[in-house]
Amino acid sequence: MPWSWEALWEWNAGKKPAQLSVQVPRPCARLCACAECDRSARFIGCGQRNCACALLPRVPVWWVLPSSLRSIRDSPSSHPGPPCVLELGMFPELNNLLNTTPEGAEQGKLTLLCDAKTDGSFLVHHFLSFYLKANCKVCFVALIQSFSHYNIVGQKLGVSLTAARERGQLVVLEGLKSGVDVFFRPREEPHPLQFLREANAGDLQPLYAFVQDALQPVDSGEAAWRCPVLLVDDLSVLLSLGVGPVAVLDFVHYCRATVCQEWKGNVVCLVHDSGDTEDEESDVLLNGLSHQSHLILRAEGLATGFCKDVHGQLRILWRRPLQPTTHRDRSLTYQYKIQDKSVSFFAKGMSPAVL
């Protein structure tokens with residue numbers, strides 16, 4: 001738990017609190033309005049239970065200056081206020097499990113997100129906010145929800161998709177809107193979802209051209225982004241629209257060759273596993289992507305059914321496609337609970353409700 005102000009003042013008065021460490025890390029954005037309090041804000045956190053500071057590692061606070069503590073307490077920029085989210089991506093606990101941060105994000109990787117008997121959209125929101133905070137140029141192919149939906153969720157998590165799109169960091173293809181627009185324009189005009197008007201829906205070249213134009217590096221005075229990232233939510237929709245699994249795999253292959261290999265960026269795709277043994281197309285797509293992926297995150301529903309304290313389990317599989325099979329794969333499995341602005345992860349059977 002973070003320290004309360006009462007505990008800090010008792011410590012200043014010479015009384016030794018029971019707890020000798022506080023949450024922290026890097027400064028809370030709402031506490032660093034003045035240079036005087038910046039030093040201590042870096043080491044005490046904001047003290048709010050719902051703030052991302054509470055999820056970060058602890059460090060000693062024995063040398064925090066009393067004057068700085070008073071400055072923070074009296075500063076109009078400090079809490080109360082809405083909980084803040086630090087620049088650690090959407091879910092700090094998930095970043096810890098993956099052993100990554102926005103500053104240290106790997107490049108040239110294909111990440112596969114899969115959900116089975118549950119909703120894995122929280123993984124999409126995590127990686128979207130993660131790469132935006134990592135200062136990457138993101139092309140987001142949103143085929144499930146509207147842009148306003150993703151923007152509302154992003155605002156709750158401390159990321160403004162509207163602002164990112166205005167400054168040119170985020171390019172969004174809104175499938176629900178573009179899917180209608182394609183029928184009200186001449187056939188001669190190219191459109192990313194042009195396959196919807198074709199009798200044989202199997203050509204995703206216009207969609208690939210859209211991704212290529214959105215992430216093409218340019219030598220100009222524009223802001224220099226760290227690396228390009230393609231995020232697709234989700235590829236299973238293309239199968240429902242009549243596109244064959246081979247065409248979808250070809251699309252991912254071209255995107256991976258361009259974004260990952262040529263431009264040293266990342267590709268993140270969500271695929272739904274229906275669990276139906278008769279759905280051969282879904283199996284072909286899922287197996288094909290699994291063999292190409294460097295990281296697989298599979299969200300699964302509980303075999304025992306619904307539980308209000310445990311929403312599902314997440315299987316994390318690290319793969320090295322070029323290594324021998326015996327040294328290639330490493331996996332972990334955790335259960336999780338989705339909260340309002342975060343997701344908590346714990347080992348099987350270690351839910352706080354059970355303990």
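Basis of the calculations
- The numbering scheme is per chain: residues are counted from 1 as the chain's sequence reads.
- Where totals are concerned, whole chains, interfaces and linings use all residues; where local detail is concerned, this predicted model gives features only for residues with pLDDT of at least 70, and gives and counts side-chain atom pairs only at 80 or more.
- Hydrogen atoms and water are omitted, and side-chain values are computed over all heavy atoms in the structure.
- The way it works is that DSSP assigns letters per residue, a run of H or I at least four long becomes a helix, a run of E at least two long becomes a strand, and they are numbered from the N terminus.
- A contact between two residues is defined here by any heavy atoms of the two lying within 4.5 Å.
- The predictor attaches a confidence to each residue, and that confidence, scored 0 to 100, is pLDDT.
- Helix span, as expected, comes to 1.5 Å for every residue beyond the first.
- Bending is quantified residue by residue as the angle between axes fitted to the seven-residue window ending at that residue and the seven-residue window starting at it.
- Categorising residues by exposure relies on relative accessible area from a 1.4 Å probe, with only protein chains included: less than 20% of the type maximum marks a residue as buried, more than 50% marks it as exposed, and the intermediate range marks it as partly exposed.
- We call a set of buried residues a nonpolar core when its members are Ala, Val, Leu, Ile, Met, Phe, Trp, Tyr or Cys and they connect through side-chain atoms within 4.5 Å of each other.
- Like-charged residues are merged into a patch within 9 Å and nonpolar side chains (Val, Leu, Ile, Met, Phe, Trp, Tyr) within 5 Å, provided each residue has over 30% relative accessible area and no salt bridge.
- Here the Shrake-Rupley method, with its probe set to 1.4 Å, supplies the accessible areas, and only the displayed protein chains count as covering residues.
- Salt bridges are identified by distance alone: a Lys or Arg side-chain nitrogen within 4 Å of an Asp or Glu carboxyl oxygen.
- The charge count treats Lys and Arg as positive and Asp and Glu as negative. His and the chain ends do not count.
- Charge positions come from single atoms, namely NZ of Lys, CZ of Arg, CG of Asp or CD of Glu.
- By the convention used here, strands pair only if DSSP detects at least 2 bridges between them.

Trainee: So what exactly am I meant to see when it comes to the environment of Leu-207 here?
Mentor: Position of Leu-207 among the secondary structure elements: in helix 9 (residues 205-215). Each C-alpha atom of the pair Leu-207 and His-191 lies 7.6 Å from the other, and the pair is 16 residues apart in sequence. Residue contacts for Leu-207: discarding those within four places in its chain leaves Leu-173, Pro-192 and Phe-251.

Trainee: Help me understand the confidence of the model for the chain in this model?
Mentor: Keep in mind that low pLDDT regions are not for reading the predicted coordinates in detail. This prediction gives the chain a mean pLDDT of 76; 70% of its residues lie at or above 70. Under a pLDDT of 50 for its full length, residues 1-89 has, in the predicted model, 153 contacts with residues more than four places off or in other chains.

Trainee: Even after reading the chapter, I still don't get helix 11 (residues 245-262), so can you show me in this structure?
Mentor: It helps to recall that an α-helix has 3.6 residues per turn; residues three or four apart then point in one direction. Over its 18 residues, helix 11 extends 24 Å from the first C-alpha to the last, a length consistent with the 26 Å expected when each residue adds 1.5 Å. Most pronounced at Arg-256, the bend in helix 11 amounts to some 25°. Looking only at helix 11, the buried set comprises Pro-245, Ala-247, Val-248, Leu-249, Phe-251, Val-252, Cys-255, Arg-256, Thr-258, Val-259 and Cys-260. Residues of helix 11 that are buried make contact with strand 3 (110-116), helix 9, strand 6 (228-233), helix 10 (236-240), strand 7 (266-272) and helix 12 (280-292). Of the residues trailing helix 11, Lys-264 is marked for its positive phi of about 55°.

Trainee: Would you take a moment to explain the nonpolar core for this structure?
Mentor: General note: in soluble globular proteins, nonpolar side chains tend to be found buried as a group. Residues Phe-140, Leu-170, Leu-297 and Leu-314 are the most contacted members of the largest nonpolar core, which totals 40 residues. If we ignore the near neighbours within four places in the chain, the residues touching Leu-170 are Leu-128, Leu-132, Val-138, Phe-140, Phe-147, Leu-161, Ala-164 and Arg-165. Core analysis: the next-biggest nonpolar cluster, separate from the first, contains 39 residues, Val-141, Leu-173, Leu-230 and Val-267 among them.

Trainee: How do you make sense of a negative patch on the surface when you look at a structure like this?
Mentor: On the surface, a cluster of negative charge is contributed by Asp-276, Glu-278, Glu-280 and Glu-281. Structurally, Glu-281 can be placed in helix 12. Assessed through its relative accessible area of 39%, Glu-281 is described here as partly exposed.

Trainee: For this particular structure, what's the right way to read the pairing of strand 7?
Mentor: The side chains of a regular strand alternate, first on one face of the sheet and then on the other. Burial analysis of strand 7 places 6 of its 7 residues in the buried class, the great majority of the element. In the sheet, strand 3 pairs with strand 7 via 6 bridges, with the strands oriented parallel. Bridging from a neighbouring strand, Leu-110 pairs with Val-267 of strand 7. Looking at chain direction, strand 6 and strand 7 are connected through 4 bridges and run parallel. Of the residues in strand 7, the one forming a bridge with Val-232 is Cys-269.

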